[in-house]
Structures are given as C-alpha cells and as structure tokens.
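Now for the letters of each chain:
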Number of protein chains: 4
Amino acid sequence: MKLNKSQIQDQNTKSLNSIEEHFNFTANILDKKGIDVNAVIKKLQNLKVAIPSWALGAGGTRFGRFSFFGEPTNLEQKIEDIGVLNALTHTAGAVSLHIPWDIPEDYNGIKALANSLNITFDAVNSNTFQDQKNAKHSYKFGSLSNNSKDIRQQAIQHNIDVINIGEKLGSKSLTVWLADGSSFPGQNNFQTALINTENSLKEIYSNLPKNWTMLIEYKPFEPNFYSTVIQDWGTSFMLANACGDKAYSLVDLGHHLPNCNIEQIVSTLMYKGKLGGFHFNDSKYGDDDLTVGSIKPYTLFLIFNELVYGMKNNTQNPDLAWMIDASHNLKDPLEDLLQSLEAIQEAYAKALLINQTELKNAQLNNDIVKCQEILQDAYRTDVRSLVAKARINLDRAINPIETYRALKVRNELIKERGKNSIATGL
Amino acid sequence: MKLNKSQIQDQNTKSLNSIEEHFNFTANILDKKGIDVNAVIKKLQNLKVAIPSWALGAGGTRFGRFSFFGEPTNLEQKIEDIGVLNALTHTAGAVSLHIPWDIPEDYNGIKALANSLNITFDAVNSNTFQDQKNAKHSYKFGSLSNNSKDIRQQAIQHNIDVINIGEKLGSKSLTVWLADGSSFPGQNNFQTALINTENSLKEIYSNLPKNWTMLIEYKPFEPNFYSTVIQDWGTSFMLANACGDKAYSLVDLGHHLPNCNIEQIVSTLMYKGKLGGFHFNDSKYGDDDLTVGSIKPYTLFLIFNELVYGMKNNTQNPDLAWMIDASHNLKDPLEDLLQSLEAIQEAYAKALLINQTELKNAQLNNDIVKCQEILQDAYRTDVRSLVAKARINLDRAINPIETYRALKVRNELIKERGKNSIATGL
Amino acid sequence: MKLNKSQIQDQNTKSLNSIEEHFNFTANILDKKGIDVNAVIKKLQNLKVAIPSWALGAGGTRFGRFSFFGEPTNLEQKIEDIGVLNALTHTAGAVSLHIPWDIPEDYNGIKALANSLNITFDAVNSNTFQDQKNAKHSYKFGSLSNNSKDIRQQAIQHNIDVINIGEKLGSKSLTVWLADGSSFPGQNNFQTALINTENSLKEIYSNLPKNWTMLIEYKPFEPNFYSTVIQDWGTSFMLANACGDKAYSLVDLGHHLPNCNIEQIVSTLMYKGKLGGFHFNDSKYGDDDLTVGSIKPYTLFLIFNELVYGMKNNTQNPDLAWMIDASHNLKDPLEDLLQSLEAIQEAYAKALLINQTELKNAQLNNDIVKCQEILQDAYRTDVRSLVAKARINLDRAINPIETYRALKVRNELIKERGKNSIATGL
Amino acid sequence: MKLNKSQIQDQNTKSLNSIEEHFNFTANILDKKGIDVNAVIKKLQNLKVAIPSWALGAGGTRFGRFSFFGEPTNLEQKIEDIGVLNALTHTAGAVSLHIPWDIPEDYNGIKALANSLNITFDAVNSNTFQDQKNAKHSYKFGSLSNNSKDIRQQAIQHNIDVINIGEKLGSKSLTVWLADGSSFPGQNNFQTALINTENSLKEIYSNLPKNWTMLIEYKPFEPNFYSTVIQDWGTSFMLANACGDKAYSLVDLGHHLPNCNIEQIVSTLMYKGKLGGFHFNDSKYGDDDLTVGSIKPYTLFLIFNELVYGMKNNTQNPDLAWMIDASHNLKDPLEDLLQSLEAIQEAYAKALLINQTELKNAQLNNDIVKCQEILQDAYRTDVRSLVAKARINLDRAINPIETYRALKVRNELIKERGKNSIATGL
C-alpha cells in the first residue's frame, strides 16, 4: 500500500487553518524570545530516523506473543510499511535491516522500491544471539566472546556477511549488539570473554569498507542474567577505542541500570567524538522497548538537549545514526511508530528552543533556579504546531495518526496481506 | 517582610497583556475541545498546599550543609516566609509544623500572625528520629517500635504532645513518619517491631481529638539501611486499618523503591478511602527531596491524573492534606518552593484537561494508542497561562519567581535577619 | 527412566565414610553449642518442595530459546523426571501442574505413576496470560481484570476448570498468577482493573472445594511494562483478605522491585497468617528465574530465618506450599533443579542452626554486633554434611549431581525420548 | 590504650584446642582436594587493610547522629584505636588519613606512635566536598569541576597540600573522591564540568611525587542528586588514562547503581592495569556504608575471586590499596571494623580455595553447572578456622570481638577519653 500526497492533503484541510493559527501564535511568542523559528523548523524537517525492519510486526515477551493483523511478510512489505510512515511524516526516511531476517532476494528490486519511497538504508544489524537453521555452531554459550575459535569465527563471518549485504544496499554502518555474557557466577572468565570480544570486533572492523562505521551497543542484562560482556558505555567506549577511528558507541535508551543518568553518558561520548548512534524507545523497568516518550518524556528532552549541544559544539563527533528500537506488543506497530516519531520530533523541537547562551550564563552564575527555569520554559512550550508546520512544509500529515486512521491504512494492509500474516523476526 | 498587593500588581503590569492574550488563545482551543476552562481555573485557585516549616532554611546531606543567607530563625519568621510565598501565589496558604523544632512560645501571637497572612495550620509532624536535649531516652534503636516499653511510651507521649500543640493552633491532623527499622540483618525481630508499632500507633490514635486524622507515612530505607518498620504502602495501609477510620496512609513521592509505579498506589489508596495526605517532591535515586517536577514531571502528571479521578469518584476518601516536603540544599529555599508550587499547579492543571469520558471510552475499546494520545494531548498543552490566570484572579503574581527577584525579597530578609541566620531543623 | 535405590547406594559408597566423618565432626561442634542436630536432620528429611511441570524443559527469553536434549514430551515423562529428582533427593516429592500445558489424558494412569514415584500433586496453576488455540476470547488486554465481562468469565471458568483437574489428582490449592496490567499510562483505569480482579477472584474463590486454598501471586512488571494489577504484596494481601480465609498471598522471590527487603514481607505475611506459598528462584536484575541460591544465598538464608521463625511462632499461618519456579535456559534442567534443591536445603539447615533465644536476647539488649554474629555463625557453618546425612537416612544420594552424572541419566533420557524432544510450555 | 600480646594470648587459651582441631579437620579436607593450605594461610597473614581515620567515631545520616562513647578526639587516639584493631587481627596495619580532619600537629610524634603499633600510612584523602572554616571559596557549586578558576585552584592546592602531608608521613598515594555534580537538570554543563575536572586532576597529578599513585573514585549519586561528574568506572578510567600511568581507578563497593555487576568492573580494571584501590563496605540501597559482608557476602566473595585472579594473572596491575570505608551509625566502631576485617579475610580465604584450573576447564567445556559447583564448594566451606589460624600464627586473637569484649576495651577508652568525646569528621 502506498499513500499519495493528495490523500494526505485532503486530510490536512480540516485542521490546516487552526494549526497555522497555532503556529503563528507560538512562533510570535518564540520570536519575541529571540528564537529563530525558521531555523528550528528547518532542523525538524531535516531529521531522519531509521525504522528497524523488525519493528513492523507485533513483538512479544517470553510469556508469549499476541499477533497483530496485516503484518508485512517479506522485506518488500516492510519497506512499503516504512513508506507509509514516511509519506505521513517525512521523518521515517530510512530502514535499518536485521540480518538474517531481512536478506533481500532481489537487491535491485529492493533498492528501486526503497528509492521510490525515498527510503535509504541505514545501519545493518547482525544477529549472533539466536541460532539460525543449518548453522554449524550454536551461540548458546556466546558468539564473539565464545571460548571456541570456530564459533567466534562463525560469528565474525556472519558480521562480514552482513556488511556485504549492507554494502550492496548502500548502508554505511554496521550495528553490533552482543548478547554474550553469562547467567551464573563462574560461568565465564570475564577477562577471557572481554579479550575474545575485543579481538573479534577488531577482525570485523578490519573488514569494514572505507566510509563505513561500526556501532557497538551495550546493555547491562537480558538475555543473560548475571553478566553481559559489553555491560555499559565504558566497556563499549573502551572497545571502540581499541578498534579504531571508525568504531563508535551506540546508546539504546533501555540499556541502562535503574536511575542511570543517560544524558550525561551521551554528553561524554559526544565530547570524546565517540557517539555513533542512538536507539530510541522508553522504559520503566528494564529494556521494556516501549513507545518513545511514553514514560519519561522529560528525560528524552534532556537527552536531546545534550544531542543538540553536541551536534553544535562537538565537531569531532560524526553524524549520528538515529533509530527507533521498540517492541510493539500491544499497539498497531505503525501507529506506535508514528507516536515514537512524534515524540522524537517534539523532544528535538523543545531542545532547540533552549537559549544556550542564557543557560551558559546562568550556569556561570550558579543560578540553579534560573537554569531550571530556562529548561522548563522550553519544555513547557507546546511545540506541536512547530512539528506540524515542519510536516506541512513537506506535504506531510498535520496529524499522522489521525490521517493513518482516516485513510484506514491497516484495513488496506489486511486486505492485501491477509489477516494472519506474520512478520519475520522475534 | 511582607509583600503587599500593589507591589505585586506593579510587577504584573509588564506581562499582563501578553499573558491575557496567551490565556485567551489557550482557553479558546480548550473550549473547542469541550473543556470548561473556568472550572479548571476555579480549581487551580482553590488549591492549597502546606509549606513545611523545615523547608524554609537550607537543607543538607550527611556530607555537610552549605548555609544560605537570611534564613528564618524562629517560627514567626518562618510564617512570614510562607506569607511571602502565599502573597505571590495564593497556593501556599498553610504551614505544617515540625515539633519540637517549631514549638510556639506565644500561641496567640503566632495564630494572629498566620491569620494576618491567610495561613492556616495544616498537619503537625512529630519527630522520634532524633534525640532531643534533655530527653530521658534515646531513639537510637527505635521509638514506637522499640523493645523498651519506656522508650515507646516516651515516643507515644511526644506524639500526644504534638497533637496538643496542633490543637491549640487549629491543626486537624498528625503526621507520623517513623524512621524506626534496622541497619543489619538480625538487629530487629520484624514481627515484634511491627506489633510494637501497631500498639503504639493505636495508643496515639486513641488520643486523637474528634475531627482529627492520623497520617501514617511509609518509606523503604534511610536513615535505616537494612529494614524500615513501615517500609511500604501495604504496611501503612494495614496499620491504618488496624487503628481505625481516622487513620490514613500518607504518600511521599520520594519514599519508594526504584521504578515503583506510585500512581497506582495513589489510585488503590483512594479507592479504599485511605489516602490521607501527600508529600510532594522529586527524586532520581532515593529520597532526594528535590524540587517538585524537576526530574519526572510526567510521573507527577500521572499522579495528578489519579488524584483528580479519585477526588471526583472516590467520595469515600477524605480531603487530602497536600504538602511539599523537599530539602533545599543548593537553591534559595523560597525560590525552590515557588518552583515546586508552580510545578504542582501545572501538573494539576494538565490533569484537569484530560477528557475522562473519552479516556474511559478508549480504555473500553482497548484503543491504547488513543489512550496515550488523550493523556499526551493534555500533558503537551502549555498551561502556564491558565496557572497565571488563576493567580491574576486572586491578585497574585503572574510570574512568582520574577516578582520575588524584582522585589529583592532575599536581600530584604538578609537585611532583617542578618546574613548568617540559621533555621532550626535538620 | 527410573532410578532405583541400589544404583544410588552404589554411588554413595565412594564418599560415605568421609561424609559421615564430616557429619560427626560438625554435629559434635553443633552439639556443644546446644543445637539438637537430630531435630535439624529430621526437619531436613521432611522438607518437600514441588517441582513445576514447566521447569523440566529448557526455558528461553524473548530473544529466543536454545533447546536442550531429551526433554520430556508429555506429562508422564515430566513426572518421571521428577521421579529421578525425588529418587536422588527425597525433597522433590511433589509436582505443580500448569494448565493447559499439562492436562492429563489418563487421570488414573497419571496418579498411579506419581504414586509409584512417591510424588504428590501440589498447587495447580492456571494460565490466563497466553491465548490458547480455539479460545473464544483473547487475553491480550487482560483476563480477570478485563473490561469485557465475557473475557473475565472465560478466565474465571478456566480457573474453575483448573480446580476441577486438580481435584481429580488430589491437589489442594490453586495458584493464580495474573499477568494483567498495562504497558502504557492511561491504557487501564487502575481502579476498574482492581475491582474487576477482586470480583473475578471472589468468583473463583467461591468455587474452591473445602480444604482447598487459593494462592494469589504478585509481581511488579513483566509481561506488562507500565503497571501490573497485582503489583505487590500489599495488593495481594488486600485481595486475599477480600476473598476470605482460604485465600493467601504467594511470594515469588523474583517478583520484587530492586533492593526490596523480601524477608520482611515474608515475616509480615506470616504474622498476619496470610503467607500461603513460596516460589523459589534467584535473580540479579528482574524476574531472572535463575537457580535458587546462585546469586544471593545470604538473602535466601535470611528468608529462611523468617520462615523458620514463622513456622514455629505463627500458628495462625497455614503450612506453606513450597515450590521452585525457575527457568532453565542454559543448564540441564534436572541438574539445575538439583542445585536449587540443594540450595534450599542448605539455607533451611543454616536457618535451623540460629539460636533463637540468644538472638532474642541480643535484640533486647540492642547488641547489634552480637545479633549479626549469631546469624553469621549459623550462615558460615558448613552444613553440607547435615544435608547429605538427611539424604543418607532416606537412602538418597550423598551428592545428587555427581550421582546423576555418574548414572548418565541425561543420556538415558535422550535415548528414550530422542534428542530433539521438546517440552510443552513456554 | 594498648593491648599487649599476653592479654590476647590469655584469651586465646580457652578456644585454642578446639580451633586447632577445627583447623586440622578443615586443612585435611582441603589437602585432599589438592589445596595448598599453608599458602592460603600465608596470604591471609599478609593481607593488610587500611582503616580510615574517620571510621573510628560514630557516623550519622542527614537525619542526625547518635553519639557513641569514648570516641577518639585526636589523631593520636585514632591511631591508638587502629593499634587495638591491629593487635587483635594483624590485618589492620595501616591508616588512611582524611585531610583536613587529621592534620598532624607533631609529625614525628605521630610517625613514632604509628611505628610502635606497626601501622603504616596508606592513601591520604582530600576533602573538597565541605567548606572549611576560613576557606576563601565555597565548594557549594563544585570544586575541581567548578566554573570558577579560583575555586578550582583552591581545590587543586588543597590536594597538593594533602600530598605534602602524606609525604611527610610516608604515604604513597592520594585518593580523590569528588562529590562534584549537580542536583538539577541544567545546573551544570556536563562537558565543561568534565573538562574542568580533567584539567584539575592533571594539575594535581603533575604534583605527584615519584612512586606515588593517584586513585580516582567514582560514585553515581549523593551528595548530588541529579548528576555526578565522575559517575561511573568508565569516567574514572577515562580520567585516569588522561592523567597518566600513575593514575588509577578506585572502586568503592557502595558506589554503584542498583544491580550493578561490580565484580566484572573489578575484572576489567585489573585487566587494563588500572585498578588502584578498593573501599570495602556493604549496602542494600545506596551508599549505605554498612559493615563489610553484612548484606551480600556472596557478592564480596565473587569480587575477591576476581581480585585473586587478577593479582595472579594481571601483572600489569599494581598492588592494591585496600581500605574499609564504612559509617558506624549504630555499632561500636571498633567492633564494626573487626566484623569488617573478619568478613574480608573470610571472603579472601574462600576465594583462595577456588580451584582455578578446574574452573577454567569447566568454563571451556561450557559446564555451567560445574562452574557453579566449584564456586559454591569454595564458598560453602567453613574457613573460620583458617582465618583464626592465620591470626594465631601471628599471635593475634582467635576471636577478635570476643577478646575485645573480654578485655573491656571500650570501657577503658571511655575511662581514658571521657564518655562524650567526639571524633573529628562528618
């Protein structure tokens, strides 16, 4: 299914006047505060967030999975789904593939399809946390960290294969999420596991094409419940340094211990020029993979404050690979992703409203009350009309979810794909 | 120091037009959504939050305390400080005393002073977590839970004394925060400590005047680091039930384990008619006692959603004793309290914007996306002009902190009290 | 496969002398301390822990499952597996069935088999967290708490069916673990969900046969990631009280927020006569379902201290339903269960060594150092020879795991069942 | 007060025979397992743990402090107290001074006193988290990270002063614990604070004498409640690398987020040759500073497993500065320290019993069950007679606390110092 501009614009007509009015009102207030609203809008227009291919079907937990209807059953349909998101928002202009779930059968066809929907290929993701049919070795006891050289080699080769697939599609980076670790004290020798991992990553790194980056994810627990080899940003950062200039850390918002100050980690990595990518989601307890901004929107704003600051001040840091990484257990995945995209744009917009000069001055004066007022002034501003304006400028939907529902997209997908289609993935 | 209306109105003139404009714009939008804006404003005007007497001086940590200037040195000055807050906001119309830090020397004088500033006497707080000079027994190993009958009796009598003091001032409730617990496994017999506590509370309860309530606070840890007798809402609820109809649980936002869903506790207690009071603050790690809304404003909003729902639907639950309980280690305490009051009003206003009928319908349809949209629509609304309007209607400050600063209140207090005055308390 | 006594005794011969020597040495020391070693041994001999039928196959996480070999493929084989555990330990003399995974086809056959292995039928477990094939309604949005009366009725009826199955087998209690909750703020009305749950539980309760108990489990999160209807012991306790005398709370060690003092909860529930059952496992992060005692053995000991105290002093509390509830993702499930059984016996034995009179006196004297010394004296004692002695007395294995390996049980099971057999369940 | 050998040996006579019997029995069992018991004993004899000067008086919390009797009132008395501990255990042969609380008035006298008690001067600790009387600048808003160059300079100079004091006493390392951070979002610019800290540390480092090391502590929160500049091991490690070869990370057990795998951090730092020191204590909730081993003794054992492994295999890592860092709010500080010393020796002894070759083999075979058995076999062994034997060999107390009590040390100290003496410090 493909949405075209006129469908979207028809839906926009209802609320166009009121949103323009709201925008003008807000822009006027911001203007008086000295904020360059056009510059903000432009940045919102330029934001591109990759959609992971596995997020288009229903997710689940270890206690089971409730299926959803009209799920995409192959890579083409996944890209079409992202096309719908992109048609509505212009923010979803990239896809992040997961190998082996998404190996293209017809590279040219896939590229042409993506191209027709203005979708580019973002980071490719390897998978060494599950065994694949016909695999020679099992990753039950680890992959890149495994004690067995053969198993490590299989995992390294898989990553190289993923790079090769990505290269054919135009990807420019490889994301390595390593589930390796242990569930019981004594199961692993921490140092051996770390050394093996470092060496494996270096070998993968040596196969990285020019202009590619390698993004190293970290996570404290799950699926292993005692230790994880790359348990925190410090370990990821250390490994990225060991690999070289093209290796970076990747921050997934759900991959931290309780109460962790994530925004400070973001800031440190950017200062060191080592923040490569970002996985957005939200969580209350662990790696809950909930809709972005659904639980702790203020933390998201604080993170964007660091991102905005870093993108301006840390020229040593590369452009970030932005991605949503959520699991859609209960909601329509496409609606869930639209809510996530909206939350990202909202947090980004609000962070752009922070008067950095005033903030700096208040900080220098130790005027903590003022510092808080400045952040909260930006945060309390209703920026929905700004985000909508950015979409209007690009012929996108004022209200993506309403439009999605009005156009009965899910019904259409069910018609096309059948009710009980199931997406590949977890 | 006392602020008068004209001082405040002078300050208001600068921004009156723009805030009225903002209010009208927002009210118009809300009106179209079917929201009775006047009713919202009225509720905001009627909110009264007690200021704890100990919050007017600088707080500290176990690593030390950095003093602040112009702190109130006696109860009269504390009430004057609250008078300043109330003059600016009309929300701070009550004081919550802590005994023995705030025993009045001249009851009539204190009452007259409070009355002149439109300040009432909210819950009185007992203190059995510290030893007082000349006390016969030490609370080092517990108070109401102590193995020694004499020590328990001293603590019970102290609570009765506090009730008597409160009665003379017009208070209607006693808040019991019990630090009792243990720092090492084996130190306490849990059952004995619980039984002692239950019996002590019952004895205090039996001394409660008619029309009084007893509020039982809970907290998982600190100052004891292994166990706390009243460790959670379940224990508090159980004890309140054991005492009788006038005993209730009190929720302090910082008194929960990591990741706890506090709003659900609030909802359960209101449903059972057992939520008696509320201590507002914010925290990231433990009982951090930070400014309300400074860390997790969305959680605050969700809690207010439950409070608004309960106040409407749970007629079995009494009127709540609202209080701020924060520790002002770094900021000017009065500015900090103004930020807290603002955050409470903001969260309350946003919760009042939730369309409960629509929400109920979306819930019945399992339309989770819609449920989230409804909450976020309310939360994303910029309600600052509503909160300001409520204050304008009451001749209060449009922007309390700006006015406080413009009127150089702290300088005046320093002049009056001297630079190095120190408040009684922790 | 069935182990017979002579096989086990053959294995015991190797270490019999040295273990008897160790036992005598330890018993002598304990005797001098005034401990009745024979009484301890007798209690260890009498302990019976139920094995959940789902724990006999390999578990997994949401990221996948690595299969194990020779898993039981039907209820008969599951009971045979427990028979192996019981033959080795005598502690595993009960099975806890999970319906619908374990509905017997031949009740008499199953009963006869269990009887022949000295296995009784402990609590039966209902499942309303997954949809079953051919089910009319889905539990995607809740079961006992669902807004739909029809769905609640289906879930209630399922519980009644489970009771009926249990009754035919000789079970005496029903365990209700309710996954119901929400993953997003606003998704549920907390009060409605609680009321629905209370009413549903009452209806199930009204169908409870005489002499049966209903055990209500609680859990803070997972599979729902924002709220869970029965989130903590307080809610479980409240619901058990609402249902009646035969309703109790069930504590699963993994179902608590970080840092929670579980032993205090155990103590409170026993004091109130409302602790009905116990699910043993261990965890570092969440509901990790690891081998009992593998992560926090001292906490396990402290919990057993409360259990031992409560079993002696709280006659108002019923006999407990003891059960292991772990997930065996990496280890041989039978070996894992043997380690769990050993850890439970060890913690129990150590708790039985605590001199309660001395402890009480030290507590009354506020001699915290002494209290800790008393607990640590018991904990630091090497009780393995006591636990082994209890098994020797019952013709069981001195070292169950060594014997299991020496007798090549897993190989036999693979021969019987085939390598790639898969157990029903998650 | 000074204990002499004959006093201690008199006390030992009572239990000498039984402890020797116990030792022989245990040694015999261990010998059969191939463990070199003499080597273990020798290592236990050689362990030296520094006692921090501030731990000899009663600690407190922000809610107050309950005093203890007979506290040391000056540095001489503090060193005498450590002399008592050392006389009883031989493990407490070092003191770690905190400046400015412990500036010697008479260097030669202090050195002579310490020398007479066989006490050496371990790491010296600077204090930039409190303001000192007559200090020109306040650290309210930070010290080494402060925006003000003057304040940073004052803090740097203080650290240099501390080095100078340490040098006069024979210390060889400086411990920097930096409380700097922020309590509110926006208060600090994370990058600026980090850069300032790095530069300040480098300047201190440049003043480090040859043969000295600088130990950089980390901590996630408290006394700041939103962010801490050196929040985790990753930041500490990064800063140590930036400073140079003589800069190391220092691990304090209580300075981690909930559920953190500390032993893995220890392992990583040793592998990188960057673990410089260790602060022992225990905790359940935060930086609770409880007696070592009182809450999570198995975790302590797992940490010692890594330390033992690292000390053998990581020759790149320097000798560690071992220290206890606890707060004695309720117990007699000297008894509390004796319990901590015992817990450290116990964990060390158990870790030394691990058969590393067998463990390695089990790990290579992915025999997780066996790995766990190996660790638990060591952990479950009652090593108290080994620890006692090590003390007997050195003419120390078999049971230090019993001896301390039998010799009525505290009474003597009260006699000498008066009941209400108060130690300098927090």
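Here the structure is a predicted model, which means the values were calculated and not measured.

The rules behind each value
- Residues numbered from 1 in each chain as written.
- Chains lettered and ligands numbered in written order.
- Predicted model: local features only at pLDDT ≥ 70, side-chain atom pairs only at ≥ 80, totals over all residues.
- Heavy atoms only, no water.
- Helix = DSSP H or I, 4+ residues; strand = E, 2+ residues; numbered from the N terminus.
- Rg over C-alpha atoms; globule rule 2.2 N^0.38 Å.
- Buried < 20%, exposed > 50% of the residue type's maximum accessible area, 1.4 Å probe, protein only.
- Contact = heavy atoms within 4.5 Å.
- Areas by Shrake-Rupley, 256 points an atom, 1.4 Å probe, with all protein chains shown as cover.
- Lys, Arg positive; Asp, Glu negative; His and termini not counted.
- Charge placed at Lys NZ, Arg CZ, Asp CG, Glu CD.
- Least-squares fit on C-alpha atoms with pLDDT ≥ 70 in both.
- Buried area = accessible area lost by both parts, 1.4 Å probe.
- Salt bridge = Lys/Arg side-chain N within 4 Å of Asp/Glu carboxyl O.
- Polar contact = N/O pair within 3.5 Å; in protein donor to acceptor, adjacent residues only side chain to side chain.
- Nonpolar A, V, L, I, M, F, W, Y, C, P; charged D, E, K, R; others polar.
- pLDDT = per-residue confidence, 0-100.

> Honestly, the overall build of chain A in this entry has me stumped. Any pointers?
When helices and strands are tallied, chain A shows 15 helices and eleven strands. Relative to a compact globule of 426 residues, whose C-alpha radius of gyration would be 22 Å, chain A shows 22 Å and is just as compact. A burial count over chain A gives 70% of its 426 residues as buried. Looking at chain A alone, contacts between residues at least 24 apart form 80% of all its contacts between residues at least 6 apart. Carbon and sulfur atoms provide 46% of the accessible area of chain A, an area that totals close to 14,000 Å². Seen as two clouds, the 43 positive and the 47 negative side-chain charges of chain A have centres 1 Å apart.

> I'm lost on the relation of the copies chain D and chain A in this one. Help?
Two copies of one chain are present, and they are related through a rotation about an axis combined with an axial shift. You can overlay chain D on chain A at an RMSD of 0.0 Å; the transform is a turn of 180° with a shift of 0.0 Å along its axis. When the rotation and shift are considered jointly, the pair of chain copies conforms to a two-fold rotation axis. Relative to the rotation axis, the C-alpha of G234 of chain D is the closest in chain D, positioned 2.1 Å from it. When the interface residues of chain D are mapped onto chain A, 100% of them are again interface residues, pointing to one common binding face.

> So what exactly am I meant to see when it comes to unusual backbone geometry here?
For residues that are not glycine, phi is negative in most cases, and the peptide bond is trans in most cases. All names here are of chain C. Note that the residue after I99, namely P100, is joined by a cis bond; omega there is 20°. Topologically, P100 is positioned in the loop between β2 (94-96) and α4 (107-116). Backbone geometry places N259, a non-glycine residue, at a positive phi of 75°. Examined against the element boundaries, N259 turns out to sit in the loop between β9 (247-252) and α8 (262-271).

> I tried to follow the interface of chain B and chain C on my own but got confused; where do I start?
Where interface size is quoted, it is often the accessible area lost as the parts come together. Tallying the contact residues gives 52 residues for chain B and 52 residues for chain C. Both sides of the chain B and chain C interface together cover about 4,700 Å² of buried area, and 56% of this is carbon and sulfur. The residue E198 of chain C makes a salt bridge to K272 of chain B at a minimum N-O spacing of 3.9 Å. In this structure, the connection of chain B to chain C is made through 24 residue pairs in polar contact (both at pLDDT 80 or more). Contributing elements (two or more residues each) for the side of chain B that touches chain C: α6 (190-206), β8 (227-228), α7 (233-243), α8 (262-271), α9 (297-313), α11 (356-364) and α12 (368-380) of chain B. When the residues that make up the side of chain B that touches chain C are grouped by side-chain class, the tally is 25 nonpolar, 21 polar and six charged.

> Is there a simple way to explain the environment of R384 of chain B in this structure?
With respect to the helices and strands, R384 of chain B occurs in helix α13 (residues 384-393). Of the polar contacts made by the side chain of R384 of chain B, one reaches the side chain of D377 of chain A; its length is 2.7 Å.

> Would you mind showing me how to read the interface of chain D and chain A here?
The interface of chain D with chain A comprises 52 residues on the first partner and 52 residues on the second. Of all residues in chain D, F190, Q191 and Q264 of chain D give up the largest surface area on contact with chain A, accounting jointly for 14% of the area buried on that side. Inspection of the region where chain D meets chain A yields two salt bridges. Connecting chain D to chain A are 24 residue pairs in polar contact (both at pLDDT 80 or more). Secondary-structure elements contributing two or more residues to the side of chain D that touches chain A are α6 (190-206), β8 (227-228), α7 (233-243), α8 (262-271), α9 (297-313), α11 (356-364) and α12 (368-380) of chain D. The element contributing the most residues to the side of chain D that touches chain A is α8 of chain D, with seven residues.

> Is there a simple way to explain the relation of the copies chain B and chain C in this structure?
If you rotate chain B by 180° and push it 0.0 Å along the axis, it lands on chain C with an RMSD of 0.0 Å. Take the interface residues of chain B: 100% of them recur as interface residues in chain C, which is what a same-surface contact looks like.

> Which parts of the structure should I look at to understand the confidence of the model for chain A?
Residues shown with low pLDDT carry predicted positions that ought not to be read at fine detail. Residues with a pLDDT of 70 or more make up 100% of chain A, whose mean pLDDT is 96. As scored by the predictor, the complex reaches a pTM of 0.98 and an ipTM of 0.97.

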